[in-house]
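Chain residues, written in single-letter form:
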Amino acid sequence: MNGLAWMFGAVSLVGAGAVALADPVEDTLVLNGETEIVTRTAAPEHLDGVFDEVISGWLYREDETRVMQADDFDNPGMIFAELARDAWSVAEGSEGKSCADCHGEPEDMAEVRPHYPKWNEEAGEVRTLEMQINACREDQMGAEPWKYNGGDMVNMTALLSSVSRGLPVSVAIDGPAQSTWEQGKEMYYTRYGQLELACANCHEDNNGRMIRADHLSQGHINGFPTYRLKNTKLNAVQDRFKGCVRDTRAETFAPGSPEFVALELYVASRGNGLSVEGPSVRN
Amino acid sequence: MRIPGIAALAAGLMAFAAGAETVAPTDVSYTDGAVETPLTDAGGDASNGRVIVGDKSQGNCIACHVVSDLADVPFQGEIGPPLDGAGERWSEAELRGIVANAKMMFEGSMMPSFYKVDGFIRPGNAYTGKAADETFGPILSAGQIEDVVAYLVTLKD
């Protein structure tokens, strides 16, 4: 090896500086100058021995990305939430009903998003918000279900998240949801694919560090759906799961599959106590 | 090429590829995580190994490791230890074993196994998200592993 190159390498490699850069920043998120968002809080009890504190992905992003989320006029994700607000009052299906006919204003739904995925007694299953929206469309409106992560659906989840911003994520993990939660937990620690990577390898063991150009966060999903600067669109949480598992060189799971419903419940529960942030802005 | 005592067995299992004899992924012999026998008798090319280490579509080692010698390659990761000085800390056989399957030396290591073809959960067809098919093979070929090893042994403090 060239001695001079080695010296330059040594100078350019400032290990301590790189690590400091990669840590989550100290910052506070207040939306539109009024809604305080909890981006750090004590970890839920079920994470004893894993994390003392849970930290929103917002604190792992660059200054300019964080700023975009603080104002609804700067947050591109809000454009999609507004599209869903238009759809909210449009009657569809054989019953001639709109969302508004039963639910009133979107703001009246503030207590919904924080508790999903959630056990549905009648259906005997854990439902994501997407599943509940489609159940509403089919059973109440007599309308066609939306594609699980299609544009209409992602927009609607953005609207329902947006009215819950500032409220703590609070999904139930016990009672009838427990077995689904356990399934999700097992998946979280399963090393999938040819790269043999589990969610935990990156987001539990290495959060705060860089993996190539990506700054690993704790992997919470309180910010979904998320407007990503990388693909300039609103991204549904299970599409993100799909991409993550694919990137372990694995046969991935389908959005809406029982496996991803279970994983979503478990991952959501890791962020219990953080504020709902969706639609958030990430890179 | 150094042939150990089990040469007769190993030679019987070796496949021919591009004129060079190679050890199949399932036939690699690990001793305390190290692999004495080169995976191909073609010899390693350190300059190509340097390319593989930094190339996102090949080894992509720098996704997780800093390599000061590759300072021109941006966004070096912090997951594993820096590879600077790896050629002094480890023998060639140890480096070969770590690159081929680090879990043989470091149980539970996060490092992917670059020369392994079995024991996976839901193995995929590269990065397509689809299931693996009959084209499934190790992440790096025997020759690529040897090139990487040849490069790593040059990394001296």
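Conventions adopted
- Residues numbered from 1 in each chain as written.
- Chains lettered and ligands numbered in written order.
- Predicted model: local features only at pLDDT ≥ 70, side-chain atom pairs only at ≥ 80, totals over all residues.
- Heavy atoms only, no water.
- Helix = DSSP H or I, 4+ residues; strand = E, 2+ residues; numbered from the N terminus.
- Buried < 20%, exposed > 50% of the residue type's maximum accessible area, 1.4 Å probe, protein only.
- Lys, Arg positive; Asp, Glu negative; His and termini not counted.
- Salt bridge = Lys/Arg side-chain N within 4 Å of Asp/Glu carboxyl O.
- Polar contact = N/O pair within 3.5 Å; in protein donor to acceptor, adjacent residues only side chain to side chain.
- Core = buried A, V, L, I, M, F, W, Y, C linked by side-chain atoms within 4.5 Å.
- Contact = heavy atoms within 4.5 Å.
- Axes fitted to C-alpha atoms, helices over the stretch in contact; angles between N-to-C directions.
- Parallel < 35°, antiparallel > 145°, perpendicular 65-115°, else oblique.
- Nonpolar A, V, L, I, M, F, W, Y, C, P; charged D, E, K, R; others polar.
- Patch = residues over 30% accessible without salt bridge, like charges linked within 9 Å, V, L, I, M, F, W, Y side chains within 5 Å.
- Areas by Shrake-Rupley, 256 points an atom, 1.4 Å probe, with all protein chains shown as cover.
- Charge placed at Lys NZ, Arg CZ, Asp CG, Glu CD.
- Phe/Tyr/Trp six-rings, centres within 6.5 Å; stacked < 30°, edge-to-face > 60°.
- Lys NZ or Arg CZ within 6 Å of the ring centre and 35° of its normal.
- Arc of directions from axis to C-beta.

Q: Explain the side chain of Asp-84 of chain B to me, using residue names and the numbers behind them.
A: All names here are of chain B. Summarising the element assignment, Asp-84 is placed in the loop between α2 (46-54) and α3 (86-89). Although Asp-84 lies buried, it forms no salt bridge, and the closest oppositely charged side chain, Arg-89, sits 7.4 Å away as judged by the N-O distance. Engagement of the side chain of Asp-84 in a polar contact is seen with the side chain of Ser-68, the distance being 2.4 Å.

Q: An account of the nonpolar core is needed here, citing residue identities and associated values.
A: In terms of nonpolar packing, the biggest core is built from 38 residues, with Leu-39, Val-53, Val-67, Ile-145 and Leu-152 of chain B touching the most fellow members. Elements with a contribution of two residues or more to this core: α2, α4 (92-101) and α5 (142-152) of chain B. Setting aside residues no more than four positions away along its own chain, Leu-39 of chain B makes contact with Glu-21, Thr-22, Val-23, Val-28, Arg-96, Tyr-115, Ala-142, Ile-145 and Glu-146 of chain B. Counting residues in each nonpolar core, the second largest holds 29 residues, with Val-126, Val-171, Trp-181 and Phe-260 of chain A among its members.

Q: Help me get a handle on the interface of chain B and chain A, residues and values and all.
A: On the side of chain A, 34 residues touch chain B, which itself brings 46 residues to the contact. The interface formed by chain B and chain A contains two salt bridges. Linking Lys-103 of chain B and Glu-196 of chain A is a salt bridge whose minimum nitrogen-to-oxygen distance equals 2.8 Å. Between chain B and chain A we count 14 residue pairs in polar contact (both at pLDDT 80 or more) in total.

Q: Please set out the packing of helix α6 (residues 129-141) of chain A against helix α7 (residues 151-162) of chain A residue by residue, giving values where relevant.
A: Residue and element names in this part refer to chain A. Relative to each other, α6 and α7 sit at 110°, their axes nearing to 10 Å. Considered as vectors, α6 and α7 are oriented roughly perpendicular to each other. From α6, Leu-129, Glu-130, Ile-133 and Asn-134 reach across to α7, where they touch Met-153, Met-156, Thr-157 and Leu-160. For the contact of α6 with α7, the per-class residue count stands at five nonpolar, two polar and one charged.

Q: So what's going on with a negative patch on the surface? Residues and values would help.
A: A surface patch of like charges, here negative, comprises Glu-122, Glu-138, Asp-139 and Glu-144 of chain A. On the secondary structure map, Glu-122 of chain A appears in the loop between β5 (118-120) and β6 (125-127).

Q: Kindly report on unusual backbone geometry, identifying the contributing residues and their values.
A: Residue and element names in this part refer to chain A. A cis geometry characterises the amide bond from Tyr-116 onward to Pro-117, with omega recorded as 0°. Structurally, the position occupied by Pro-117 is in the loop between α5 (99-103) and β5. Omega for the bond connecting Gly-278 with Pro-279 falls within 30 degrees of zero, at 0°, which places this linkage in the cis form. If you trace the backbone, Pro-279 turns up in the loop between α11 (258-270) and β11 (280-282). Even without a glycine there, the phi angle at Thr-232 is positive, about 45°.

Q: Explain a positive patch on the surface residue by residue, including any values.
A: A contiguous patch of positive charge, built from Lys-147, Lys-233 and Lys-242 of chain A together with Lys-130 of chain B, is present on the exposed surface. Examined against the element boundaries, Lys-147 of chain A turns out to sit in the loop between α6 and α7. On the basis of relative accessibility, which here comes to 67%, the residue Lys-147 of chain A falls in the exposed class.

Q: Talk me through the packing of aromatic side chains; I want residue IDs and the actual numbers.
A: Tallying each qualifying case throughout the model produces nine aromatic pairs over all chains. Considering the side-chain rings of Phe-120 of chain B and Phe-136 of chain B, the 5.8 Å spacing of their centres and the 70° angle between planes classify their relative orientation as edge-to-face. One end of the pair, Phe-120 of chain B, is in the loop between α4 and α5; the other, Phe-136 of chain B, is in the loop between α4 and α5, with 16 residues separating them in the sequence. Positioned over the ring face of Tyr-127 of chain B is Arg-249 of chain A, at 4.9 Å from the centre of the ring. When the ring centre of Phe-253 of chain A is taken as origin, the NZ or CZ atom of Arg-122 of chain B, which lies over that ring, is 3.7 Å away.

Q: Report on the environment of Tyr-116 of chain A, specifying residues and quantitative values.
A: All names here are of chain A. Note that Tyr-116 resides in the loop between α5 and β5. Assessed through its relative accessible area of 11%, Tyr-116 is described here as buried. Beyond its immediate chain neighbours, meaning those up to four positions away, Tyr-116 contacts Arg-127, Thr-128, Leu-129, Gln-132 and Val-171.

Q: Could you give an account of the pattern of salt bridges, naming the residues involved and the relevant values?
A: Opposite charge on two side chains permits pairing when their charged atoms draw close. Scanning the entire structure with this criterion turns up 18 salt bridges over all chains. For Glu-196 of chain A, the salt bridge is made with Lys-116 of chain B, and the minimal N-O distance between the two is 2.9 Å. One end of the pair, Glu-196 of chain A, is in the loop between α8 (178-188) and α9 (199-203); the other, Lys-116 of chain B, is in the loop between α4 and α5, on a second chain. Taking the relative accessible area as the measure of exposure, Glu-196 of chain A reaches 9% and is therefore buried. It is possible to trace a salt-bridge network through shared partners that takes in Glu-26, Arg-40 and Glu-53 of chain A.

Q: Explain the side chain of Gln-69 of chain A to me, and be specific about the residues and the numbers.
A: Residues and elements named next belong to chain A. Take Gln-69: it is sitting in helix α3 (residues 63-70). Relative accessible area serves as the criterion here: at 1%, Gln-69 is assigned to the buried category. Within polar-contact distance, the side chain of Gln-69 engages the side chain of Arg-282 at 2.9 Å.

Q: Go over the packing of α8 of chain A against α11 of chain A with me, naming the residues and quoting the values.
A: Angle between the axes and distance between the axes: these two values describe a pair of packed helices. Residue and element names in this part refer to chain A. Contact geometry for α8 and α11: axes closest at 7 Å, N-to-C directions at 85°. In this view, α8 runs roughly perpendicular relative to α11, as classed from their interaxial angle. Facing α8, whose interface residues are Thr-180, Trp-181, Gln-183, Gly-184, Lys-185, Met-187 and Tyr-188, α11 presents Pro-258, Glu-259, Ala-262, Leu-263, Leu-265, Tyr-266, Val-267, Ser-269 and Arg-270. In terms of residue class, the contact of α8 with α11 is made up of nine nonpolar, four polar and three charged.

Q: So what's going on with α2 of chain B? Which residues, and what values?
A: All of the buried residues in α2 of chain B are Gly-49, Ile-52, Val-53 and Gly-54 of chain B. Residues of α2 of chain B that are buried in the fold lie against α5 of chain B.

Q: Tell me about α8 of chain A, and please be specific about residues and values.
A: Residues and elements named next belong to chain A. Residues of α8 that are buried include every one of Thr-180, Trp-181, Gly-184, Met-187 and Tyr-188, and no others. One side of α8 holds all its buried residues, which, seen down the axis, span an arc of 120°. For α8, exposure combined with an orientation more than 90 degrees from the buried face picks out Ser-179 and Glu-186. In the core, the buried residues of α8 are packed alongside β6, α9 and α11.

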